Every structure is written in structure tokens, then in C-alpha cells.
Amino acid sequence: MRIKLIKLLAILTALVLIFLNLTIPSISLTKAGVSNSAQEVALEFLKEQSIINPKLSNATVDFPCVYTDKSLHKHFIVYAIKKYESIIGRIVLLKTKDKYVVLEMGETPPPNIAINYEIPKYIPLKEGEIIGQAKFIYVFPLLYFVHFNILKDGKLSRDIYFYWNEKREVSLDEIPEQIVSSDSSSSKTTSNPVALNIGSSRILWDVPDFIMGDMSYPVSTYGCGPVAGANILGYWSRNGYPNLWNEGSDPKGVGLATSLYYYMGTWYWGTPSVDFARGIESYSQDFGYTFSCHIDSEAQVYGSFVREINNERPLGVRIQLGGLLDQHWITGIGYYYGYSGYYVYVRDGWHHGYAMINWDNPFLGNDPITSFIDNVYVYPGG
């Protein structure tokens, strides 16, 4: 009898372990052959980001939720970023063969946190129907869908697919195929989906439209970096930091760009990224504000560009147009992705208005972009 009881306990223990591994594979990783923990990766990423964004200091991650692709394969885990009992953002990770990589970080809660009070406002139910369990579908940075079983009298009545970004119901055919492969070893996402017939876009129209042609020498000849920096600080001047630029007396940004030219130490060789960042920080400090800059050498990651725009921060982008010295600064102001591909909107520093660049086949005017060298993210601190 005692032997049978021991066997029974062993079987029950094994079943519990199997159940745990089946239901939360994104949290228990070692036995599955994944070398790092999703939570460890998220916390380490958060720690690194807090260095450049003090708002994230003392933050942690909580409320992990497994997201799937359109075929309901479990490739993603999403954490809420939590600070002092408040949810201040999210981190999305992709499970690869041997590790987790961060796909995006945003400053709004993940859908699984907001679902209970958001969804009932947008899904009409027939008499006797109730909303069943939600399954979250992750397609692309900042592009989310949710699948619901609608139940009536305890039985499946119908399926609903909900487009989280636009808060509306869609058909299954409208959901793009998975863009990020579970076998990928990086978070680069530049391939066009086969059937992406839902687009998303955002443009920060408050970013000024300064160009080198309106400047005086030497900014008019060598000042693409200062002009891009002036576009960024001009934007922040319009959004809570008025001392940075006197728009009334300097509508074309000549004074602002010229000042940044000297703060950045620009000369005929252009503006290195470290000087671009240092110039913005020093200039803002002298005008009573604290701004911090972060140089990101992974500028080819489309999701990084999208993240900054969605968090309402224009960015400096250094690109390679041809030879080693043929580099140029542009200002990132927006993005679009849809059926025709991935695009970014920029102020190019040469022409008024905006330029739209195809991410997979990038040209600036008639000039091919051979490389996105790095991004400079600008964070206002007060």
C-alpha cells in the first residue's frame, strides 16, 4: 500500500511539472534548452535603459503574458513595466532557439493589462453572449491583435478578432502573417509580410522644417548635424521647453542651428555622433534644461525607430550615402507600415517638407542609402 502511495505521489508530481512546463514555457526556460530567463533578459534590458532614461530607475517587470503569432504558436512573452505600483510601459521578448531577445519597449501598458476595461466598450454582444478567454497575437512592434471566443449558454457562439491599435473588430484574413521568425537570432524586422493589409502610421508634425539652404555659412555647407539637432530641439521648444528656441524672432532656426554648430564642434568633416549628442546636452543645459542623449549603433532595427516616434520623441539619424565621407544627418519624425512595405518619414535637411524612405530599399531623393549608421535618441529630463 505504501509503495502504491509513493508511486501515486510521484505520478502526481510529474503531472504537475509537465503542466507547469506546458502552460508557462516562456518563464521556465532552462529545461527547454533556452540559456537565459525571459525575466532576467527583461530586467537587464530595463537596467540598461534606466541609464539613459531616468524615468525607468527602480522599475521592475510584472504580469508576464504569453503572446502567439497568427497560427497560435507561442513565440513571445510580454511584461508590464511596473514602478511604485503603477504600470508605466511594456517589454516584448521573442523566444529564439537558444535565448530571448527584446523586440520592443513602449510607454503604454500591454493589452493584457488593459483588456478587461477596454474591450467591452468596443465589442457588441448579442443577448446571452459573454466574452471568453482572450488570446493575444503579436505581429510586429506596436501591432497587436486579440482573439476572443464568444460564448452563449456555455458553448462557442462565434470567434472575434480585435485590432488593438485601432480598437475595432477585424476578420482573420486581415491579420498579417508572423513577421518575426521564432528561429531568428536577432530582433531585426525588415522583411515585408506577404499579406499585410492593415497599416499603421504616425508622424510628429510639430518637428520644425529647418533646411541648410536657409542657413548662413558655414552651417549652410557643413551643418546637416546642427540642422537635425535644431529640428529636434525646436520640437521640444514647442512641447514644454520654450527657452530652447525663440520661434518668433528666429522662425527659420538660423540662430538655433548656428549655436548648435559651435556646441557640436562641427567643421568640414561633419558631426560625429558623440559630438551631436554632447552638443544637444550642453546647449540644453545652458538654457536651463537637462536633456540626455543615447547613441544606438543598431540603427537598422526598424522597431527602434517606431518606438521613439510612438513615444513622441524625434530622433537624429546618421546615414551613409556613398563613400566613407559621404554621410548625412536627417531627423526622424514618423513611420508607416502597410501592404506596400515599411517606411520612415524624415526631415532631410535639404528640402522643405518631408522625405519618405522605404526601409528595405532606402533612397534619399536619388541617392541610395547604403547604411543607417546610428540613431541618437534625445530624452528631455526637466
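Residues numbered from 1 in each chain as written. Predicted model: local features only at pLDDT ≥ 70, side-chain atom pairs only at ≥ 80, totals over all residues. Heavy atoms only, no water.

Digging into empty space enclosed by the protein
Phase 1 of the analysis: Using the criterion set out here, one finds one cavity of 30 Å³ or more in the structure.
Phase 2 of the analysis: Roughly 50 Å³ of internal volume is contained in the largest cavity.
Phase 3 of the analysis: For the largest cavity, the full set of lining residues is Asn53, Lys55, Leu56, Ile81, Ile88, Gly89, Met105, Gly106 and Glu107.
Phase 4 of the analysis: At the level of elements, strand 3 (86-95) and strand 4 (100-106) are the ones that each hand at least two residues to the lining of the largest cavity. (1 Å grid on protein atoms, 1.4 Å probe; cavity = no way out; pocket = protein on both sides within 12 Å on 5 of 7 lines; lining within 4 Å. Points joined across faces, edges and corners; volume = space filled by probe spheres on them. Helix = DSSP H or I, 4+ residues; strand = E, 2+ residues; numbered from the N terminus.)

Considerations on the packing of aromatic side chains
Any aromatic ring pair is given by two values, namely how distant the centres are and how the planes are angled relative to each other.
Phase 1 of the analysis: For the coordinates displayed, the defined rule picks out 24 aromatic pairs.
Phase 2 of the analysis: Seen from their ring centres, Phe145 and Tyr163 are 4.8 Å apart, and the 15 degrees between their planes marks the pair as stacked. Of this pair, Phe145 sits in strand 6 (residues 143-152) while Tyr163 sits in strand 7 (residues 155-163), and the two are 18 residues apart along the sequence.
Phase 3 of the analysis: On the accessibility criterion, Tyr163 (0% relative accessible area) is buried.
Phase 4 of the analysis: Residues Tyr241 and Phe291 carry aromatic rings whose centres are separated by 5.1 Å and whose planes lie at 70 degrees to one another, so their mutual orientation is edge-to-face. Residue Tyr241 is found in the loop between helix 5 (224-237) and helix 6 (254-263), and its partner Phe291 is found in strand 10 (residues 291-296); the two are separated by 50 residues along the sequence.
Phase 5 of the analysis: Ring pairing ties together the aromatic residues Tyr217, Tyr222, Trp267, Tyr268 and Trp269, which thus form one cluster.
Phase 6 of the analysis: The ring centre of Tyr377 lies 4.9 Å from the NZ or CZ of Arg307, which sits over that ring. (Phe/Tyr/Trp six-rings, centres within 6.5 Å; stacked < 30°, edge-to-face > 60°. Buried < 20%, exposed > 50% of the residue type's maximum accessible area, 1.4 Å probe, protein only. Lys NZ or Arg CZ within 6 Å of the ring centre and 35° of its normal.)

Some words on the packing of helix 6 against helix 7 (residues 273-286)
Phase 1 of the analysis: At a minimum axis distance of 9 Å, the contact between helix 6 and helix 7 shows a crossing angle of 120 degrees. Overall, the two elements helix 6 and helix 7 adopt an arrangement that is oblique. For the pair helix 6 and helix 7, the sense of crossing is right-handed. When helix 6 is examined against helix 7, the residues Leu256, Ser259, Leu260 and Tyr263 are found in contact with a partner set consisting of Gly279, Ser282, Tyr283 and Asp286.
Phase 2 of the analysis: Residue classes in the contact of helix 6 with helix 7 are distributed as four nonpolar, three polar and one charged. (Axes fitted to C-alpha atoms, helices over the stretch in contact; angles between N-to-C directions. Parallel < 35°, antiparallel > 145°, perpendicular 65-115°, else oblique. Left-handed = near helix turned anticlockwise from the far one by under 90°. Contact = heavy atoms within 4.5 Å. Nonpolar A, V, L, I, M, F, W, Y, C, P; charged D, E, K, R; others polar.)

Describing the environment of Thr96
Phase 1 of the analysis: Along the chain, Thr96 turns up in the loop between strand 3 and strand 4.
Phase 2 of the analysis: Look at Thr96 and you get buried, because its relative accessible area is 4%.

Digging into the confidence of the model for the protein chain
Phase 1 of the analysis: Per-residue confidence for the protein chain gives a mean pLDDT of 80; residues scoring 70 or more make up 80%.
Phase 2 of the analysis: A low-confidence stretch, residues 1-35 stays under pLDDT 50, and its non-local contacts, those more than four residues away or across chains, total 27 contacts. (pLDDT = per-residue confidence, 0-100.)

Focus on helix 8 (residues 302-310)
Phase 1 of the analysis: The buried fraction of helix 8 is high, at eight of nine residues.
Phase 2 of the analysis: Of the residues making up helix 8, those classed as buried are Tyr302, Gly303, Ser304, Phe305, Val306, Arg307, Glu308 and Ile309.
Phase 3 of the analysis: Immediately downstream of helix 8, the backbone of Glu312 shows phi near 60 degrees, a positive value.

Looking at the environment of Asp206
Phase 1 of the analysis: With respect to the element layout, Asp206 can be found in the loop between strand 9 (200-203) and helix 4 (219-222).
Phase 2 of the analysis: Asp206 gets classed as partly exposed once you look at its relative accessible area, which sits at 39%.
Phase 3 of the analysis: The contact partners of Asp206, leaving out residues within four places of it in the chain, are Tyr235, Arg238 and Asn239.

Here's the deal with the side chain of Asp374
Phase 1 of the analysis: The topology assignment puts Asp374 in strand 17 (residues 371-380).
Phase 2 of the analysis: For Asp374, a relative accessible area of 7% puts it in the buried group.
Phase 3 of the analysis: Side chain to side chain, Asp374 and Ser273 meet in a polar contact 2.9 Å long.
Phase 4 of the analysis: Filtering out sequence-adjacent residues up to four positions away, Asp374 remains in contact with Ser273, Ile295, Asp296, Ser297, Ala299, Gly316, Val317, Arg318 and Trp329. (Polar contact = N/O pair within 3.5 Å; in protein donor to acceptor, adjacent residues only side chain to side chain.)

Here we look at the packing of helix 5 against helix 7
Phase 1 of the analysis: Across the interface, helix 5 lies against helix 7 with an axial gap of 10 Å and an inter-helix angle of 45 degrees. Judged by the angle between their axes, helix 5 and helix 7 are oblique. The hand of the helix 5/helix 7 crossing is right-handed. Contacts between helix 5 and helix 7 involve Gly225, Ala228, Gly229, Ile232 and Leu233 from the first element and Phe276, Ile280 and Tyr283 from the second.
Phase 2 of the analysis: Counted by class, the contact of helix 5 with helix 7 contains six nonpolar, two polar and no charged residues.

Concerning the side chain of Ser284
Phase 1 of the analysis: As for its position among the elements, Ser284 is in helix 7.
Phase 2 of the analysis: Ignoring sequence-local partners within four residues, the contact set of Ser284 consists of Leu244, Tyr289 and Phe291.

Some details on unusual backbone geometry
A negative phi holds for most residues other than glycine; trans holds for most peptide bonds.
Phase 1 of the analysis: A cis amide bond, omega 10 degrees, links Tyr217 with the succeeding residue Pro218.
Phase 2 of the analysis: Checked against the element boundaries, Pro218 lands in the loop between strand 9 and helix 4.
Phase 3 of the analysis: For Tyr84, which is not glycine, the phi dihedral falls at a positive 50 degrees.
Phase 4 of the analysis: By secondary structure assignment, the location of Tyr84 is in the loop between strand 2 (74-83) and strand 3.

A word on the pairing of strand 3
Phase 1 of the analysis: Extensive coverage of strand 3 is indicated by the burial of eight of its 10 residues.
Phase 2 of the analysis: Across eight bridges, the pairing between strand 2 and strand 3 is antiparallel. Bridge pairing links Val78 to Val92 in strand 3.
Phase 3 of the analysis: Bridging between strand 3 and strand 4 involves six bridges; their strand directions are antiparallel. Residue pairing across strands places Arg90 opposite Gly106, the latter belonging to strand 4.
Phase 4 of the analysis: If you look at the hairpin formed by strand 3 and strand 4, you'll find four residues sitting between the two strands. (Pairing = 2+ DSSP bridges.)

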